[in-house]
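Understanding the architecture of this molecule
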Amino acid sequence: MQIEGKRVLITGAGRGLGRALVTALIDAGVGEVIAGTRNPEAREALQGPRVTAVQLDVRRDADVEAVSRMGAFDILINNAGVAGFGNPLTMNFEAAQDEMEVNYLGVLRVTRAVAPGMISKHDGMIVNVATAFAKVNLPIVATYCATKAALLSLGQALRAYLSSHNVRVITVMPTTIDTDMSRGADVPKMTKEFVAGEILTAIREERHDPPIGDEAKGVCEELTKDPLAVEKRLMNYK
């Protein structure tokens, strides 16, 4: 898909990968980025040429409805996400609920609001940011991975319903990115700028649910050969 001149909505744009995506898209020549964030300070910092920062908490119907009234988008990047750490049997239950509310239901809420505009134009792309650990669980972020597994499945369902309207759906699957979210994880990390660049390439080439980065590609390849061995190896990360 051509990126130049497009109108893009990004959720979770206030920091980390979301902010890196805003920069990468502007550098790539998009027409306008609508950058959704919950944080007022982040919105002020994001405002600039071809960037409109808006209040957008993907858990709130009112925020999502307000953004949907801003007109049709060519590309939606569902990037907003939260992660809890630890044993799903003992971690804070409310944290696990919030992960599901943001990482899965938030994506569904925003997509339901934005997709009709793409359908009416018979063109568009929805990009869901998941993780390669949607395919096999990384126990240090067990419930986070579970929400991303649900997101990967949702993307497949959205493709089934939207493909006849020329609305493409891809789920990008990086491994751990060096952001505030992963600060407590002692695992290999990629820079957010690298991941943002790879996501733009995936959009341009309309890749089918691509792994992002060498580690993610390795995990996906290993899963085709010996999924049990991969699961056992990842059990050490808890």
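Basis of the calculations
- Residues numbered from 1 in each chain as written.
- Predicted model: local features only at pLDDT ≥ 70, side-chain atom pairs only at ≥ 80, totals over all residues.
- Heavy atoms only, no water.
- Core = buried A, V, L, I, M, F, W, Y, C linked by side-chain atoms within 4.5 Å.
- Buried < 20%, exposed > 50% of the residue type's maximum accessible area, 1.4 Å probe, protein only.
- Helix = DSSP H or I, 4+ residues; strand = E, 2+ residues; numbered from the N terminus.
- Contact = heavy atoms within 4.5 Å.
- Axes fitted to C-alpha atoms, helices over the stretch in contact; angles between N-to-C directions.
- Parallel < 35°, antiparallel > 145°, perpendicular 65-115°, else oblique.
- Left-handed = near helix turned anticlockwise from the far one by under 90°.
- Disulfide = S-S within 2.5 Å.
- Nonpolar A, V, L, I, M, F, W, Y, C, P; charged D, E, K, R; others polar.
- Polar contact = N/O pair within 3.5 Å; in protein donor to acceptor, adjacent residues only side chain to side chain.

Counting residues in hydrophobic clusters, the biggest one holds 35 residues, and the most contacted among them are Ile10, Leu25, Ile77, Val127, Ile199 and Ile203. When contributions to this core are tallied by element, the ones reaching two or more residues are β1 (7-10), α1 (16-27), β2 (32-37), β3 (51-55), β4 (75-78), β5 (124-129), β6 (167-174) and α6 (192-205). The element that contributes the greatest number of residues to this core is α1, accounting for seven residues. What Ile199 contacts, discounting residues up to four positions off in sequence, is Leu17, Leu21, Val127, Val129 and Val172. Formed by 30 residues, the second largest nonpolar core is a distinct cluster that contains Leu56, Val110, Ala115 and Leu158.

A word on the packing of helix α3 (residues 61-68) against helix α4 (residues 93-121). The interhelical angle for the contact between α3 and α4, taken along N-to-C directions, is 25°, at an axis separation of 9 Å. Classified by the angle their axes make, α3 and α4 are roughly parallel. Crossing geometry of α3 relative to α4 is assigned as right-handed. Contacts from Asp61, Val64 and Ser68 in α3 reach Arg109, Val110 and Ala113 in α4.

Let us look at the state of the cysteines. Under the definition given, this model contains zero disulfides. Between Cys145, a cysteine without a disulfide, and Cys220, which holds the nearest cysteine sulfur, the sulfur-to-sulfur distance is 13 Å. Accessibility expressed as a relative area gives 2% for Cys145, which makes it buried. Owing to a relative accessible area of 15%, Cys220 belongs among the buried residues under this scheme.

Two measures define how a pair of helices packs: the angle their axes make with one another and the distance between the axes. Direction vectors running N to C along α4 and helix α5 (residues 142-162) enclose 15°, while the axes themselves pass 9 Å from each other. With respect to their mutual orientation, α4 and α5 come out roughly parallel. Handedness of the crossing formed by α4 with α5: right-handed. Residues Ala96, Glu99, Met100, Asn103, Tyr104, Val107, Leu108, Thr111, Ala115 and Ile119 of α4 form the contact with α5, whose participating residues are Thr143, Tyr144, Thr147, Lys148, Ala150, Leu151, Leu154, Leu158 and Leu162. Grouping the amino acids of the contact of α4 with α5 by side-chain chemistry returns 13 nonpolar, four polar and two charged.

Looking at the secondary structure, you find Asn128 in strand β5. Of the residues examined, Asn128 reaches a relative accessible area of 0% and is grouped as buried. Those residues in contact with Asn128, other than ones at most four positions away along the chain, are Asn78, Val107, Leu151, Gly155, Leu158, Val169, Ile170, Thr171 and Val172.

As for its placement among the helices and strands, Asp63 is situated in helix α3. Relative accessible area serves as the criterion here: at 7%, Asp63 is assigned to the buried category. At 2.9 Å, the side chain of Asp63 forms a polar contact with the backbone nitrogen of Asp57. Filtering out sequence-adjacent residues up to four positions away, Asp63 remains in contact with Gln55, Leu56 and Asp57.

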